[in-house]
Amino acid sequence: MIYNTLGKTGLEVSRLGFGTMRLPTKTNNADIDKAKASRMLEYAIDNGVNIIDTAYPYHAEGLSGSGESENFLGEFFSQHPVREDIILQTKSPSWAIEKFDDFDYYLDEQLKKLQTDYIDIYLLHSLTVPDWEKVRDLNVFDFLDDALSTGKVRHVGFSSHIEVDYVIEIIDEYPKFEVALTQLNYLDEYYQSGVMGTNYLKQVNMGSMIMEPLRGGRLVNNIPDEVNALWDMAEVKRTPVEWAFQYLWNRDDVDCVFSGMTSLEQVKENIRIASAEDHISENDQETIREVARTYRTFLGNNCSRCGYCMPCPHGVDIINCLTEYNIAHMMNDPKASAMQYFSLIDDDSRADSCIDCKECIPFCTQMLDIPAELQKVYEYFGSDFDHF
């Protein structure tokens, strides 16, 4: 296994992290197959993975509520004497915080679920702009100060699905933030904070951790023939998984990449890839860029995210509705994109809130019939999340 220093934390982390959002299950998302999941974790730890990521809602029955991932890890640590060798990371459910006391309520519950006295890295989870403003106004900095001083938490940071300007603002407002978890893969260089975000993290010596390296598996499953043809023409032959991971590990602004693995075979393959040095040449980089361009030919519409249609007078988040729709089309996987659509866009801001007033149409630089496109989004995703 290859290790990197996680920014100013000084922690030496395996460049492959174990994400516990997609553990194998039996009857439903909350019913973790503990025997299979334990074998996966045992193999990963025995072969050098030393950082595990979880969160309060992982493996809940729906998008929110208390999930079973933390409980599973607590049981695992109680049966395996490896806790002191592992960097354990979990997250505060920022969307659920309504008053200052809630910060401690959830942290204490998570410590109990995880059967541990401390959390190595504690993140504010999946910050949106409204959630960030809410927790900031609820004095989250005081809570983080207390959590650090009492030893319940050793390092703090945040995960986010927001634009780079907001990532910079969050970092600048609290100097004790040491790590950030952002989304990046070769398709998402300019989606959310993207490469500009990881570059800024490097500049300020923040630990840079990556989620969705395989876009929820969509970069390695049901690959279009046009994309396979490009991979086949590359000078160096790699599997789609190798291409996706090595794209990230060849960047000097990426310290750790988390993968949500669902089988022992995936764990073994990912560890094999993470343990090998593999240089991505300029020709390889051009192949990756061409693959990304090819995927974009499958977009549902030509929205350029220019923002001229915003703000919608009726509160519809036009840009993000069309973005998630386009990504789902591009990857031919509406179920996988549905989690982003329903978790990142507020109920009142989704496509079904459009009243067809047409006020946005004159501002569209791509001359889209935006209400008609929003209707397609609604028909594609529906109005309720039932995609587990």
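Look above for the structure.
Worth saying up front: this structure is predicted, and the values here are computed from it rather than measured.

Trainee: What exactly am I supposed to notice about helix 1 (residues 34-46) here?
Mentor: For an α-helix the count is 3.6 residues per turn, leaving residues at separations of three or four pointing the same way. Over its 13 residues, helix 1 extends 18 Å from the first C-alpha to the last, a length consistent with the 18 Å expected when each residue adds 1.5 Å. Within the span of helix 1, buried status applies to Ala37, Ser38, Met40, Leu41, Ala44 and Ile45. The arc enclosing the buried residues of helix 1, seen along the axis, measures out at 160 degrees, which places them on a common side. At its buried positions, helix 1 is contacted by strand 3 (16-19), strand 4 (51-53), helix 2 (69-79) and helix 10 (264-274). Once helix 1 finishes, Gly48 follows within two positions and takes phi at roughly 105 degrees, a positive value.

Trainee: Please clarify how the pairing of strand 10 (residues 256-260) should be interpreted in this entry.
Mentor: Two faces belong to every sheet, and in a regular strand the side chains alternate between them. Burial runs high along strand 10: 4 of the 5 residues are buried. Taken together, the 4 bridges between strand 3 and strand 10 define a ladder with parallel strand orientation. Within strand 10, the position partnered with Gly17 by the bridge is Phe258. Pairing between strand 9 (residues 207-211) and strand 10: 2 bridges, direction parallel. Bridging across to strand 10, Ile210 finds its partner in Val257.

Trainee: In this structure, what is going on with the side chain of Asn50? I would like to understand it.
Mentor: Here Asn50 lies in the loop between helix 1 and strand 4. Of the residues examined, Asn50 reaches a relative accessible area of 13% and is grouped as buried. Within the structure, the side chain of Asn50 is placed 2.9 Å from the backbone oxygen of Glu12, a separation counted as a polar contact. Contact partners of Asn50, with chain neighbours within four places excluded, come to Tyr3, Glu12, Val13, Ser14, Asp85, Ile86 and Ile87.

Trainee: It is not clear to me how the layout of surface pockets should be interpreted in this structure. Could you clarify?
Mentor: By rolling a water-sized probe across the atoms, one finds the places where empty space is left. In this model, the second largest pocket occupies a volume close to 360 Å³. As for the second largest pocket, its lining consists of 15 residues, of which Leu187, Arg296, Leu299, Arg305 and Thr323 are closest to the centre. A total of 4 residues in the lining of the second largest pocket trace back to one element, the largest contributor, which is helix 12 (residues 318-331). Partitioned by chemical class, the residues of the lining of the second largest pocket number 7 nonpolar, 3 polar and 5 charged.

Trainee: Quick question: what am I supposed to make of the nonpolar core here?
Mentor: It is characteristic of soluble globular proteins that their nonpolar side chains tend to be buried jointly. In this structure, Phe18, Phe158, Phe177, Tyr186 and Tyr295 are the most contacted members of the largest nonpolar core, which totals 85 residues. It is helix 9 (residues 240-249) that provides the largest number of residues to this core, a total of 7 residues. Leaving out residues up to four positions away in the same chain, Phe177 has contacts with Lys8, Leu124, Trp132, Leu144, Val156, Gly157, Phe158, Ile170 and Met206. Grouped together as the second largest cluster of nonpolar side chains are 21 residues, Cys312, Ile319, Phe342 and Cys364 included.

Trainee: I tried to follow the pattern of salt bridges on my own but got confused; where do I start?
Mentor: It is possible for side chains bearing opposite charge to pair when their charged atoms get close. The tally for this structure, following the rule as stated, stands at 24 salt bridges. We note a salt bridge from Lys113 to Glu70, for which the minimum N-O separation is 2.9 Å. On the criterion of sequence distance, the pair formed by Lys113 in helix 3 (residues 100-114) and Glu70 in helix 2 is long-range, its members being 43 residues apart. Judged on exposure class, the residue Lys113 and its partner Glu70 are both buried. Across the pair Asp356 and Lys358 runs a salt bridge, and its minimum N-O distance is 3.0 Å. The exposure class assigned to Asp356 is partly exposed, which follows from its relative accessible area of 41%.

Trainee: Which parts of the structure should I look at to understand the packing of aromatic side chains?
Mentor: Within a pair of aromatic rings, the relevant descriptors are the distance that separates the centres and the angle that separates the planes. This model, assessed by the stated rule, comprises 19 aromatic pairs. Taking 5.1 Å as the distance between ring centres and 80 degrees as the angle between the ring planes, the aromatic pair formed by Tyr56 and Tyr106 counts as edge-to-face. You can see Tyr56 sitting in the loop between strand 4 and helix 2 and its partner Tyr106 sitting in helix 3, a full 50 residues away along the chain. One exposure class covers both Tyr56 and Tyr106, and it is buried. When the ring of Phe100 is compared with that of Phe103, the centres are 6.0 Å apart and the planes differ by 75 degrees; the resulting orientation is edge-to-face. Here Phe100 pairs with Phe103, and both are found in helix 3, just 3 residues apart, close to one helical turn. Pairwise contacts between aromatic rings join Trp132, Phe141, Phe158, Tyr174 and Phe177 into one cluster. Directly above the aromatic system of Tyr118 lies the positively charged group of Arg83, at a separation of 4.3 Å from the ring centroid.

Calculation notes
Numbering of residues begins from 1 in every chain and follows the order in which that chain's sequence is written. Where totals are concerned, whole chains, interfaces and linings use all residues; where local detail is concerned, this predicted model gives features only for residues with pLDDT of at least 70, and gives and counts side-chain atom pairs only at 80 or more. The basis for the side-chain values is all heavy atoms of the structure; hydrogens and waters are excluded. The secondary structure listing takes helices from DSSP runs of H or I that are at least 4 residues long and strands from runs of E that are at least 2 residues long, numbered from the N terminus. Given a helix with a known number of residues, its expected span is that number minus one, times 1.5 Å. Throughout, exposure labels follow a simple rule: accessible area from a 1.4 Å probe, protein chains only, divided by the maximum for the residue type, with under 20% read as buried, over 50% as exposed, and the rest as partly exposed. By arc we mean the arc of the directions from the helix axis to the C-beta atoms, nothing more. We call two residues contacting when some pair of their heavy atoms lies within 4.5 Å. In this description, strands pair whenever DSSP reports at least two bridges between them. Contacts described as polar in this section are N or O atom pairs within 3.5 Å, which, within protein, must combine one atom able to donate a hydrogen with one able to accept it, while residues neighboring in sequence count only if both atoms come from side chains. Cavities and pockets were defined on a 1 Å grid built from protein atoms only: a cavity is a group of points that admits a 1.4 Å probe but offers it no way out, a pocket is an open group of points flanked by protein on both sides within 12 Å along at least five of seven lines, and a lining residue is one with an atom within 4 Å of any such point. Grid points are joined across faces, edges and corners, and a volume is the space filled by probe spheres set on the points. Here the term charged refers only to Asp, Glu, Lys and Arg, the term nonpolar to Ala, Val, Leu, Ile, Met, Phe, Trp, Tyr, Cys and Pro, and the term polar to all other amino acids, Gly among them. For this analysis, a nonpolar core means a set of buried residues of the types Ala, Val, Leu, Ile, Met, Phe, Trp, Tyr and Cys, connected via side-chain atoms within 4.5 Å. Between Lys or Arg on one side and Asp or Glu on the other, a salt bridge is scored when a side-chain nitrogen of the former is within 4 Å of a carboxyl oxygen of the latter. Pairing of aromatic side chains requires ring centres within 6.5 Å, counting the rings of Phe and Tyr and the six-membered ring of Trp. Pairs whose planes differ by under 30 degrees are stacked, by over 60 edge-to-face, and all others tilted. Whether a charge sits over a ring depends on NZ of Lys or CZ of Arg being within 6 Å of the ring centre and within 35 degrees of the ring normal.

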